[in-house]
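Each chain, letter by letter, is given below.
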Amino acid sequence: MADQVFQPLPTVPDHPALEEEVLAWWEAQGTFAKLRERNAQGPRFSFFDGPVTANKTLAVHTAWGRTLKDVFQRYKALRGFDQRYQNGFDCQGLWIEVGVERELGLNSKREIEEYGLDRFARKCRDVVVWSADELTRGSKRLGQWMDWGNDYFTFSDTNIEYVWRMLKKVHASGWLYMGHRSTEWCPRCGTSISQHELTMSGVYQERADPSLYVRLPLSDRHGESLVIWTTTPWTLPANVAAAVNPDAEYGRRLNGEWVAVARYPDETFDERLRGSELVGWRYEGPFDTLAPGAAVEHRVVAWDDVTLEDGTGIVHIAPGCGGEDFELGKREGLPVLTPVDEAGHFYDDYGWLHGLGTVESADQIIGNLGERGLLVEAGLYEHRYPHCWRCDTPLIFRIADDWLISVVDLRQQLLDANATVEWTPEYMGKRMDDWLRNMGDWNISRRRYYGLPLPFYPCACGHLNVIGSKAELEARALGGLDQLEELRRPWIDRVPVGCERCGEPVERVKEVGDVWLDAGIVPFSTLGWQNDEWIPEGYATGAARGLTKADLPDHAYWEQWFPADWVSEMREQIRLWFYSQLFMSVVLVGRAPFKKVLGYEKMLDETGREMHGSWGNMITAEDAFARMGADVMRWQYCAQPPDRNLLFGFGPAEEIERELLTFWNSISFFVSYANIEGFAPSWSELAPAGNVQPLDRWLVERTHAFVADATAAYERYRADDVIRLYESYVDDLSNWYIRRSRRRFWGGDDASLRTLWYALVQTLRVLAPVMPFLTEHIWRNLVQDGPESVHLAPWPEVAPPDRALLDEIVDVRRVVTLAHQARAASGLKLRQPLRRLVVEGASGAQGHAAEIADEVRVKDVQFAKVDAELRVKPNLPALGPRLGKELRAVNKALQAGAFEELGGGRYRAAGHELEPGEVLVERGGREGWAVAAAEGVTVALDTSLDDELLLEGRVLDLIRLVNSMRKEQGLELTDRIVLTVPDALSEVVDRHGAWIEGEVLAVDIRVGGSAEIAIAKAEARD
Ligand SMILES: [Zn+2]
Ligand SMILES: [Zn+2]
C-alpha cells in the first residue's frame, strides 16, 4: 500500500472533540488575526452588534443570533471585506437591577436605598463583569469571531455622554416634555413601563381576575341604580364617573337597575332611554364611605368608545387608574383620584384599605361591597393581561410624571428612513412601519437606580437645564466633582449645576433613562460621531474602565462605517433596538442607521413549547456544546427559515448529525481510495482537468451551480437557502456521482479522484461560514499545500454552470426514481435485472440511456410513448378554488376521458387548461408492465422474467452477499479473496465467474466441498 496521503476518517465525527481541537489550533495559529490583516485593505462591510444584556451565561436563544451574525461576517471576510467585529454588552437597566435585588434579597426600592446606592451600583457592575466574561467564553466556543477585549459596554461614561448629547438635541428641538398622565406601571419595580416594552414577548399572559358587577344607586331617582362591570376592584375607590354610549339604548329592569338593552336582549325593561338622556345623572360612588370618594360628585358622562361587547354597557371611570379614563377625564374635567403609591399600596387617606396592595385588596373590597348591598355578582374572568417584562408582576395604571419625547414631528421622518431599509423577511419592515405609524410619545424615564442618569436639571425659575456632556457638567457644576466616580447614581446626584437662566443651584431629576436609549446610541457612540480626535481606549471610561480597550474613533471613522450595511436581531427588536437606533439616528443625522436587516422569529423547544428553567426544558449552551457541538447547533440555527419559529433541541440535532454523515462518508470514501492510489492533489491544480468522463463533467458543473446558488443565497442573507442547496447538492454528489463512479474508484481512476476532490474542497469552502469547525478539520486533511485554513482561502470563483446539462441529469434522476417506484410497486427486488424500460417525457434524459439502463438494471431503455391507460383526476384543493362552479364540468370531462394532453404535465378539459399541480395523474400499465408517472414523465418497466434474467439475479445476490462478508470479516478494500460456493451455484459460476471475480476481488472461485458460501483472504501475489 502506498503512503497515506490523507488521514483516514473515523466512522462518525466527534464534533465537540474536533471543535476543541480546532479552537486551540486557531488560537495557536492566530488565524483570525491573519484574516483581519489580509482584509485590512479590502472594501468595508459595516455591521453593528446589538448589545446582549450582560446578566447571564450564554443561552441557546442568544447563540442563534450570534451564529447568524458570525455566518455572514465570515462569509464577507472570505470575500475579502474589512470589518470591525466589535461586540457589545448592554449593562444597565431593570434586567441587571432585578437580578441583583434577588441575589441580595432586596424586595423594594426602600430596601435598595437602605442598602446604599453606591454598594448597589457596585453589585450591578460585578454582575456585568461576570456575565461579560461568561458570554465571551460561550461565544468563542460557538466559533464566533469577534474582536474580543475591545467590546463596547453601554454603561461607559462615553456611551452615556452620547445619549446626553442626543437628549440635548431633542430638547433644543422642542420635543422633550414632562408628561402628567396615566401609564402602565409595575408596582414591584416601582416604575412606569413604556409602550414598546409592552410589546416584548411574555408580557401578555393569561390570568384570572375578579369579575364584579356593582350597583351604583342614583341620587335623584329613588330606588334606581346603574350597574357597572370591572375586573380591577382596586380601582373602584377611585371611581368618579360612569360612562354611557350616547347613541345606545339603555333600559331599567324591574328591580330598578339600568343597563344597556343590547347586552340583555331577553330581559324586560320598564323604561327605555337613549344614553344621551342619562348623561348628567348623579349617583352614589361605590366608596363614598372613604374620604377621597366622598369628596367627589359622581355623575354619568357620554363616551363614544363605550362598547356593547362586554360588561353592562355602563363603564366605571377612574381617571387615576387607566389611560383611556385619564384622557376622558381631561375632556370632561373630572377629578383625578390616585389611590396607590409607587409600590401599588393604598395611600393612608383610603382608611381601612391603607397599605394594602392592588391584588390583595380585592377580597376586602368585594366583601365590603357585598355587606353594603352593592354587589350584583362576583366571579372570575380569564383574560390576557400585561405583566412586567422583567419581574412578571401584573401591571397597573398609575398617574405619573414621566419624561417623554414627542414623536409628532419625527413620525414621518422615521417612516421615510425606514423606507430606505431592506428588511428580510419583508413583513418585518411592514411591522416597523405599523409601529411607527401608531406609536405614542416615547416615555424615556424610569424611577430606578442603575441606569443612564437623565441629564435634566429643572430650575424653580421654570427653566429646564439639559446637560449635553461630561465637560459641560464639569463646567457648570457647583460642587461634588471630586466624588464623581462615574456618570451614575448616587454620585451624579451630588453634583448640582448652576441654572443657565437665573444662576441658582439646580439638582438633577432622580430618574434614569429607558435602557433602549443606551443601545440605540451605539451607531454614534462606538464610531466616534462628531469626535474631533481619535482617543485610544476612549471607550474604557466610567464603569467600563478596565473591562475593554476599545478606542473612541474620530468623526472621519464614523463617516466610513456609518450606516451599517447589515444588522440582525430577533423580531422582538423591531420595536426595541431597531426602533431606538432608527429613532436616535433620525434625530441626530436624519437617516436610517442600517441598510439591511435580517430578523428572525422565536425559539421554542423541539415540541413547540417556550423554554423555561422551571419547566425543565431549558437547554443551556454548555449542554448543547457538550452533547451536539457548535457546528450542529449552528446548522440548526442556519437551516431555520427566519419567518418561522425555531424548534430547537437534541432530537433535531441527532437528525442533523445523521444527515451530515452523507458528506462525511463521501469524504471518507475519497480518502480511502485516494490513499490506495497515493493520489496527492495540489492546491495549484484545483480545477479538474485531464481525461474526464461525462459524469465528471457533470459533477464539475453541478458543483459550480451549487457554489453560484449558495453565493446568491449568502448575498440575500438566507442561510436556510444555503442549507437547502447543500442538501440537494450532497444528495447528487453521494447518491449519483459517487455511486455511479464506484467502479472507477476501484480501478484507481485519476480523473474521478481528482473530480471528487475538487467537489469536496469547493463544498468545504461554501460551508465554512456555517460550520467553521468541521470544514476546518476536513480542510486541513484534504488541502495539504494550499491556504492553511479554509477561512483564509478566498471565496471560490467558478465559471457559469452549464444549466442545460444539469437539467438533463435532473431528468435522468427523475426517470430513475420513477423506475424504482414502478419496480417496488410490482414487488421485484432491485437486484433482479429486467429486459426493458420505456420512458415518455423527460426529453433531457435521451442522451443518457446507458446510464439509466445501468441504474435501473434493465437491458434496454427506449424513449417512446408509453402504452398505458391514463387516468386524470382533479386535485380538488388546488383546482376547486380556481374553477368554482366550472369544476363540475371539468371533472365530468376527465372522468369520461375527454381530455387532451398538452405536454409538460398539462392537460385541457372542458375548455380549461390544467396545470401539473392541479391534477392527479395515474397510469395503469398493460399486463406484464409496471408503470409510474409524475410531473409529465411516465415510465413503464417490462416485468417479465426469463431464465437468463433469473440467473443474472442470482449472480447479483451472490455478489452482494460476498461483499457484505468481506466487510464483516474486516478485509481491506484492496484485499483479494478466494471464494468457495456450494454445488448449487455451479451454473452461476460457470456462466458468470469472471463477472463475480471482478466484483468481489476474488482470485479464484471454488465450487463444491462446502454447503456454505465462504471466503478467505488470498495470499499476496508478490
Ligand atoms: Zn417589575
Ligand atoms: Zn433658574
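Let me sum up the structure you'll find in this document. (Residues numbered from 1 in each chain as written. Chains lettered and ligands numbered in written order. Predicted model: local features only at pLDDT ≥ 70, side-chain atom pairs only at ≥ 80, totals over all residues. Heavy atoms only, no water.)

## Comments concerning the coordination of the zinc ion (ligand 1)
- Each protein donor to the zinc ion (ligand 1) is listed here as C186 (SG), C189 (SG), C388 (SG) and C391 (SG); together their distances run 2.2 to 2.4 Å.
- Around the zinc ion (ligand 1) sit four donor atoms; with metal-centred angles ranging over 104 to 116°, the donor geometry is tetrahedral.
- One chain supplies every donor for the zinc ion (ligand 1), spaced along it as C-x2-C-x198-C-x2-C. Of the two residues, C186 sits in strand 4 (residues 176-186) while C388 sits in the loop between strand 15 (375-386) and strand 16 (396-405), which places them 202 residues apart along the sequence. Of the two residues, C186 and C388, both sit in the buried class. (Donors = N, O, S within 2.8 Å, 3.2 Å for Na, K, Ca; no water. Tetrahedral: all angles 85-135°; square planar, octahedral: opposite > 155°, others 65-115°. Helix = DSSP H or I, 4+ residues; strand = E, 2+ residues; numbered from the N terminus. Buried < 20%, exposed > 50% of the residue type's maximum accessible area, 1.4 Å probe, protein only.)

## So, helix 21 (residues 650-677)
- Across its 28 residues, helix 21 extends 40 Å between first and last C-alpha, which sits within 8% of the 40 Å expected from 1.5 Å per residue.
- At T662, helix 21 is deflected by roughly 30°, the largest bend along its length.
- Two residues or fewer after helix 21 comes G678, characterised by a positive phi angle close to 65°. (Expected span 1.5 Å × (residues − 1). Bend = angle between axes of the 7 residues up to and from the residue.)

## As for the packing of aromatic side chains
- A full pass over the atoms with the stated rule returns 51 aromatic pairs.
- Where W442 meets Y579, the ring centres are 5.5 Å apart and the plane angle is 50°; that geometry is what we call tilted. Highlighted residues: W442 in strand 18 (residues 442-443) and Y579 in helix 18 (residues 577-589), separated in sequence by 137 residues.
- Judged by its relative accessible area of 2%, W442 falls in the buried class. (Phe/Tyr/Trp six-rings, centres within 6.5 Å; stacked < 30°, edge-to-face > 60°.)

## What to know about the nonpolar core
- If you look at the biggest cluster of nonpolar residues, it comprises 237 residues, and the most contacted ones within it are F670, L782 and L837.
- Leaving out residues up to four positions away in the same chain, L837 has contacts with V815, A819, I852, V856, V858, D860, V861, Q862, V939, A940 and L941.
- By size, the runner-up hydrophobic cluster in this structure holds 48 residues, among which are V296, L334, L353 and I396. (Core = buried A, V, L, I, M, F, W, Y, C linked by side-chain atoms within 4.5 Å. Contact = heavy atoms within 4.5 Å.)

## Description of the pattern of salt bridges
- On inspection of all chains with the given rule, the structure shows 85 salt bridges.
- The partner of E569 in a salt bridge is K69, with the nearest N and O atoms 2.9 Å apart. In this pair, E569 sits in strand 25 (residues 564-570) while K69 sits in helix 3 (residues 60-78), placing the two residues 500 residues apart along the sequence.
- For E569, a relative accessible area of 11% puts it in the buried group.
- The residue K865 makes a salt bridge to E840 at a minimum N-O spacing of 3.7 Å. (Salt bridge = Lys/Arg side-chain N within 4 Å of Asp/Glu carboxyl O.)

## Concerning the environment of W389
- Structurally, W389 is set in the loop between strand 15 and strand 16.
- We classify W389 as buried; its relative accessible area is 11%.
- In this structure W389 touches L94, W95, I193, E197, M200 and V203, once residues within four positions along its chain are discounted.
- Within the local environment of W389, its side chain forms a polar contact with the side chain of E197, the two groups lying 3.2 Å apart. (Polar contact = N/O pair within 3.5 Å; in protein donor to acceptor, adjacent residues only side chain to side chain.)

## Quick notes on the coordination of the zinc ion (ligand 2)
- Every protein donor of the zinc ion (ligand 2) is accounted for by C459 (SG), C461 (SG), C499 (SG) and C502 (SG), and the metal-donor separations fall at 2.2 to 2.4 Å.
- For the zinc ion (ligand 2), the single-chain donor residues occur in sequence as C-x1-C-x37-C-x2-C. A residue pair is termed long-range when its members are at least 10 positions apart, and C461 in the loop between strand 20 (456-458) and strand 21 (464-466) and C499 in the loop between strand 22 (497-498) and strand 23 (505-506) qualify at 38 residues.
- On the accessibility criterion, C461 (29% relative accessible area) is partly exposed.

## A look at a negative patch on the surface
- Judged by side-chain charge, E606, E654, E655, E659 and E727 come together as a negatively charged surface patch.
- It is helix 21 that provides the largest number of residues to the negative patch, a total of three residues.
- Examined against the element boundaries, E606 turns out to sit in the loop between strand 27 (603-605) and helix 19 (621-627). (Patch = residues over 30% accessible without salt bridge, like charges linked within 9 Å, V, L, I, M, F, W, Y side chains within 5 Å. Areas by Shrake-Rupley, 256 points an atom, 1.4 Å probe, with all protein chains shown as cover. Lys, Arg positive; Asp, Glu negative; His and termini not counted. Charge placed at Lys NZ, Arg CZ, Asp CG, Glu CD.)

## Looking at the sheet that holds strand 12 (residues 282-283)
- Strand order across the open sheet formed by four strands is 12-13-8-14, with mixed pairing between neighbours. What marks the edges here is a single partner per strand, and that holds for strand 12 and strand 14 (314-317).
- Pairing between strand 12 and strand 13 (residues 298-302): two bridges, direction antiparallel. Directly across from Y283, in strand 13, lies its bridge partner H298.
- The strands touched by helix 10 (residues 323-332) within the sheet are strand 8 (241-244), strand 13 and strand 14, with strand 13 carrying the most contacts at an inclination of about 95°. (Pairing = 2+ DSSP bridges. Axes fitted to C-alpha atoms, helices over the stretch in contact; angles between N-to-C directions.)

## Thoughts on the sheet that holds strand 1 (residues 52-53)
- Spatial strand order, 1-2-3: three strands in an open sheet with parallel pairing. The outermost strands of the open sheet, each flanked by one partner alone, are strand 1 and strand 3 (152-153).
- Here strand 2 (residues 88-90) runs beside strand 3; their pairing, made up of two bridges, is parallel. From the neighbouring strand, F89 faces strand 3, where its bridge partner is F153.

## A few points about the environment of M439
- Mapping M439 onto the fold places it in the loop between helix 13 (426-438) and strand 18.
- On the basis of relative accessible area, M439 is assigned to the buried category, the value being 2%.
- Along the backbone, M439 and V408 are 31 residues apart, and their C-alpha atoms lie at a distance of 10.0 Å.
- Those residues in contact with M439, other than ones at most four positions away along the chain, are Q195, V407, R411, L414 and Y579.

## Comments concerning empty space enclosed by the protein
- Counted by the stated rule, this structure contains four cavities of 30 Å³ or more.
- Those elements that place two or more of their residues in the lining of the largest cavity are helix 4 (94-104), strand 24 (512-513) and helix 15 (515-520).
- Among the residues forming the lining of the largest cavity, the class breakdown is six nonpolar, four polar and six charged.
- For the second largest cavity, the full set of lining residues is W64, L68, L598, Y600, Y637, C638, Q640, P642, Y717, R718, A719 and D720. (1 Å grid on protein atoms, 1.4 Å probe; cavity = no way out; pocket = protein on both sides within 12 Å on 5 of 7 lines; lining within 4 Å. Points joined across faces, edges and corners; volume = space filled by probe spheres on them. Nonpolar A, V, L, I, M, F, W, Y, C, P; charged D, E, K, R; others polar.)

## Quick notes on the packing of helix 12 (residues 411-419) against helix 18
- Contact geometry of helix 12 with helix 18 gives a least axis separation of 10 Å together with a crossing angle of 110°. By the criterion of interaxial angle, the relationship of helix 12 to helix 18 is roughly perpendicular. Where helix 12 crosses over helix 18, the handedness of that crossing is right-handed. Here Q413, L414, A417 and N418 of helix 12 lie close against helix 18, whose contacting residues are L582, F583 and V586.
- Looking at the contact of helix 12 with helix 18, its residues break down into five nonpolar, two polar and no charged. (Parallel < 35°, antiparallel > 145°, perpendicular 65-115°, else oblique. Left-handed = near helix turned anticlockwise from the far one by under 90°.)

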